Amino acid sequence: MGFLGSIYGGLAEVNGWLLFAGLLAGFLALGYSGASFKRWSISIAAAMVLLGAPFLLWLLFAGFVMLFGMPSIRRQVLTSRIVDTLNKLKLMPVISETEQTAIEAGNIWIDGELFSGNPDFKRILNESYPRLTDEEQAFLDGPVEKICEMSPDWEVIKNKELSKETWDYIKEQRFFGLIIPKEYGGLGFSALAHSAVIAKLSTRCGGLTTTVMVPNSLGPAELLLHYGTKEQKDKYLPRLARAEEIPCFALTEPGAGSDAGAMTSRGVVFKDENGELFLRLNWKKRYITLAGISTLLGVAFKLSDPDNLLGKGKSPGITCALIPADTQGVVLGRRHDPLGVPFWNCPTEGHDVVVPIDAIIGGAAQAGNGWRMLMESLAVGRGISLPASATGGTRYVARVLGAYTTVRKQFGLSIGKFEGIEEPMARVGGWAYMLEAARIYTCGGLDAGQKPPVVTAMAKYSFTEILRKAVNDGMDVLGGAAISRGPRNLLSTGYMTVPINITVEGANILTRTLMVFGQGAIRCHPYAFKEIQALMNKDLIAFDNAFWPHIGHVIRNACRALVLSLSRGHLAQAPVNGPTAIYYKKLSWVSASFAFLADVAMGMYGGNLKRKEKLTGRFADIFSYMYLASATLRRFEAEGRKKEDLPFVEWALQYSLSEIQSAFDGLYENMGFPFSGPIAFWSRMNPISGKPSDALGGKVAQLLQKPGEQRDRVTNGTYLPQSADDGLGRLENAFSLSIAAAPIARKVLSAVKAGKLQKARMDLMVKAAVEAKIISADDAQILAKAEEARTDAIQVDSFTQEEYLNGAGEAAPRRSTLRTKKEPSLN
């Protein structure tokens, strides 16, 4: 009592409060730094010496140290009871075989840093941010440019098919062999080059993009490269590279989309009269790209082996095999219509299709390993094709908006001058910079040998969702010009293609709610998967070795989250100085809060957390935007900290942080007290970031309307037709002429304001300005050319009834020749 009395007596005085504050600061400092158990023990002992702790308290402390510091005692007294409780209450999630395969596929990359609560940004900045080789750049500038020229989007839509010339060029230039090594006749490109090709194609023709994308994504070539036998590789890869074989891969079924366990396709192993092993396959698949014209089908099915002929049991599991399309029983020929975007997407069936056992990819040894093959391949592929097309599409919208909002005028001004137009333009410009950063950063990791399924799932989900928003913003700005379909329309096909990107390779709802955080919480967490495995294996020592460090991890992140929240991130360290330093600090704050809250959610909901999909979706949003922001910072550093890029960089970072804040608010409001009460209130009063300011957005929007190196760099990789009569080429020509004419037009208007010219119709003022020698005749000609190009660029297509009923054809738009007296000719 004397000891406790002295403590309480001291607290009654000022010195007592200082002592309390010192103890609290010491506790937070130890927790913030992630101090070891040894450091905690020494610090507590030192405090007890200073406070003159009684003998009884020392005995209690010694017991505490022995209990927690001696593993053999801790396991018997504490850990074993915790394990029993967890098993009885079923607090740990039960992981199915397919889930475990998905979780174990690939590896952890910087997602582990972001999930840790204390990310090492030096490591994140040291990750590769690659460039194309000269050979890869030459392919982009040559064959990719050429095939884009050959494939006007409207022509492909009108004909519902790529031209024969395009198909021949695909084969000639090995477009189906982007990922196939040169030794097999392919191009052997990096993930970055593969991504760059898809991104550029996506700015020209949706049908062409998908046709080239799919054979280079999850399919026979990818699976053969990693799992095929030497005989299979030698037989098929050269033919696939030359497009002598048209591949497809059949996975999805009417009853089995996300749930592979519901697959009804079956393969049965049997022996023929000669003792040779064969498979008898039956399947019914849908949504299979290129199936209708394929010559080689990859098929996923559940394999059964009633007589255990393969020695893997009666049900080896999901297996992948290659089936020649002309095999008896293969049914092809029908096709789906994916929102009018002309690429082959088809159903296929197989009825008692018999193939040799070596049709299994990798031979009989790989029977039952199909699901692992698919998950490991998707761990890479999800980070390339769809993120590339989303990045290309967003950059394309940014390019279109910059030109269109300059060329299109209302009330005598380019519409890009209006703040209502600046707002969506800023979003698209900021997204374009951010997605390009994350595209290159992700590909850099893949080319370095990383196979991070959580990162690639984040990329697929977040990129395609942002594309959807960007295209919607573009449609809003272009208005009727985006709605009226025809060869002049620059956005309608992209608008129709977006839901396809959202749906394939894991629909975004699934990817967001189950994969990014559902798998990420287990795989990226430093201890959770180890604990689950230990429980499943009934391994007390392994569980003990993971559980107690996990407790220390929670304490550290709780302290970091509190300290960084109180200091608004300023106490965190940044690896750089300058205007971006604060964003590293704020991301450290985010990571600590995210990691702590993730542990709280796992503790609160246990195995039911994966069913709380509204919560896991918000966690996924935080996780994804941490990654996008980190990639944005990496790009800024890799490109030499260009000062002129800061509006794009800061807009992207502030947007990411504001989306993170919104997701945190949603979590707090729905996780019950105290989160829905005081913590939610504190979060609203002390937000990580607000939305980007109007002034910052205005800078981004105006930069998109300014021709030059920066606009070209932000929209780099967009196909720009050379002809002024071809799609975006027409708009770019009008944009260039309008920019050249702008200072001349200002001279005329300044003369009107100065009283040197009478206000009249623009063409009359120009004529008067020439006569008054305010501008030259050449200047007047520039104005006339700009006006002619501008007027042409804002026209939309229209068709006769016959043309419309026959598929609209390639009719030129009908233009009115009427002009009212009130309508100026140069406006």
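The structure presented is a predicted model; accordingly, all values stated were derived computationally and were not measured.

### Some points on a nonpolar patch on the surface
- Nonpolar side chains collect at one region of the surface, where Trp17, Phe20, Leu24, Phe27, Ile551 and Ile555 lie side by side and expose about 580 Å² of accessible area between them.
- At the level of elements, helix 2 (14-32) and helix 24 (540-566) are the ones that each hand at least two residues to the nonpolar patch.
- Here the nonpolar patch gets four residues from one element, more than from any other, and that element is helix 2.
- Tracing the backbone shows Phe20 in helix 2.
- Taking relative accessible area as the criterion, Phe20 reaches 43% and is therefore assigned partly exposed.

### So, the pattern of salt bridges
- Counted by the stated rule, this structure contains 35 salt bridges.
- Close ionic contact of Glu244 with Arg239 constitutes a salt bridge, the shortest N to O distance being 3.3 Å.
- Given a relative accessible area of 37%, Glu244 falls into the partly exposed group.
- A relative accessible area of 32% means that Arg239 is categorised as partly exposed.
- One connected set of salt bridges, linked through shared partners, spans Arg635, Glu639, Glu644, Asp645, Glu709 and Arg713.

### Brief notes about the nonpolar core
- Residues Phe623 and Phe664 are the most contacted members of the largest nonpolar core, which totals 127 residues.
- Counting residues in hydrophobic clusters, the runner-up holds 56 residues, among them Leu178, Leu187, Leu279 and Ile323.

### Topic: the layout of surface pockets
- Within this model, the second largest pocket holds a volume of roughly 1000 Å³.
- Forming the walls of the second largest pocket are 33 residues, and the residues nearest its centre are Lys409, Gly412, Leu413, Ala745 and Leu749.
- For the lining of the second largest pocket, the element with the most residues is helix 31 (residues 728-753), which contributes 10 residues.

### Here's the deal with the environment of Ala741
- Residue position: Ala741 is located in helix 31.
- Along the sequence, Ala741 and Glu787 sit 46 residues apart, while their C-alpha atoms lie 8.9 Å from each other.
- In contact with Ala741, not counting residues within four places along its chain, are Ile782, Leu783 and Ala786.

### Focus: empty space enclosed by the protein
- In this structure the tally under the stated criterion is three cavities of 30 Å³ or more.
- Considering only enclosed or pocket space, the largest cavity measures out at about 130 Å³ in volume.
- Considering the residues around the largest cavity, the lining is formed by 14 residues, among which Tyr404, Arg488, Leu490, Ala793 and Gln795 are closest to the centre.
- Volume-wise, the second largest cavity comes out at about 40 Å³.
- Taken together, Ala102, Ala105, Met375, Arg382, Pro453, Met515 and Gln519 make up the full set of residues lining the second largest cavity.
- Of the residues belonging to the lining of the second largest cavity, the class tally is five nonpolar, one polar and one charged.

### So, helix 14 (residues 220-227)
- In terms of burial, helix 14 is largely enclosed, as seven of its eight residues are buried.
- Listing the buried residues of helix 14 in full gives Pro220, Ala221, Glu222, Leu223, Leu224, Leu225 and Tyr227.
- For helix 14, the secondary structure elements touched by its buried residues are helix 15 (230-241), strand 1 (247-250), strand 4 (296-304), strand 5 (317-324) and helix 16 (370-381).

### Looking at the packing of aromatic side chains
- Following the criterion strictly, the structure yields 32 aromatic pairs and no others.
- An angle of 35° between the planes, with centres 6.0 Å apart, marks the rings of Phe37 and Phe64 as tilted. Here Phe64 lies in helix 4 (residues 55-69) and Phe37 lies in helix 3 (residues 37-51), a separation of 27 residues in the sequence.
- Assessed through its relative accessible area of 33%, Phe37 is described here as partly exposed.
- With a centroid separation of 6.5 Å and 15° between ring planes, the pair formed by Trp154 and Phe799 is classed as stacked.

### Section: the confidence of the model for the protein chain
- On average, residues of the protein chain score 92 in pLDDT, and 96% of them reach the 70 mark or higher.
- Across residues 809-827 the pLDDT falls below 50, and counting only partners more than four positions away or on other chains, this stretch makes 39 contacts in the model.

### What to know about the packing of helix 27 (residues 646-670) against helix 28 (residues 675-685)
- Relative to each other, helix 27 and helix 28 sit at 160°, their axes nearing to 8 Å. When the axis of helix 27 is compared with that of helix 28, the two are roughly antiparallel. The way helix 27 lies across helix 28 gives a crossing that is left-handed. Judged by residue contacts, Gln661, Asp665, Tyr668 and Glu669 of helix 27 engage Phe675, Ser676, Ile679, Ala680, Ser683 and Arg684 from helix 28.

### Considering the packing of helix 26 (residues 613-638) against helix 27
- Taken N-terminus to C-terminus, the directions of helix 26 and helix 27 make an angle of 160°; their axes are 9 Å apart at the nearest point. Comparing their axes, helix 27 and helix 26 come out roughly antiparallel. When the axes of helix 26 and helix 27 are compared, the crossing they make is left-handed.
- Grouping the amino acids of the contact of helix 26 with helix 27 by side-chain chemistry returns 17 nonpolar, four polar and three charged.

Calculation notes
- Residues numbered from 1 in each chain as written.
- Predicted model: local features only at pLDDT ≥ 70, side-chain atom pairs only at ≥ 80, totals over all residues.
- Heavy atoms only, no water.
- Patch = residues over 30% accessible without salt bridge, like charges linked within 9 Å, V, L, I, M, F, W, Y side chains within 5 Å.
- Areas by Shrake-Rupley, 256 points an atom, 1.4 Å probe, with all protein chains shown as cover.
- Salt bridge = Lys/Arg side-chain N within 4 Å of Asp/Glu carboxyl O.
- Helix = DSSP H or I, 4+ residues; strand = E, 2+ residues; numbered from the N terminus.
- Buried < 20%, exposed > 50% of the residue type's maximum accessible area, 1.4 Å probe, protein only.
- Core = buried A, V, L, I, M, F, W, Y, C linked by side-chain atoms within 4.5 Å.
- 1 Å grid on protein atoms, 1.4 Å probe; cavity = no way out; pocket = protein on both sides within 12 Å on 5 of 7 lines; lining within 4 Å.
- Points joined across faces, edges and corners; volume = space filled by probe spheres on them.
- Contact = heavy atoms within 4.5 Å.
- Nonpolar A, V, L, I, M, F, W, Y, C, P; charged D, E, K, R; others polar.
- Phe/Tyr/Trp six-rings, centres within 6.5 Å; stacked < 30°, edge-to-face > 60°.
- pLDDT = per-residue confidence, 0-100.
- Axes fitted to C-alpha atoms, helices over the stretch in contact; angles between N-to-C directions.
- Parallel < 35°, antiparallel > 145°, perpendicular 65-115°, else oblique.
- Left-handed = near helix turned anticlockwise from the far one by under 90°.

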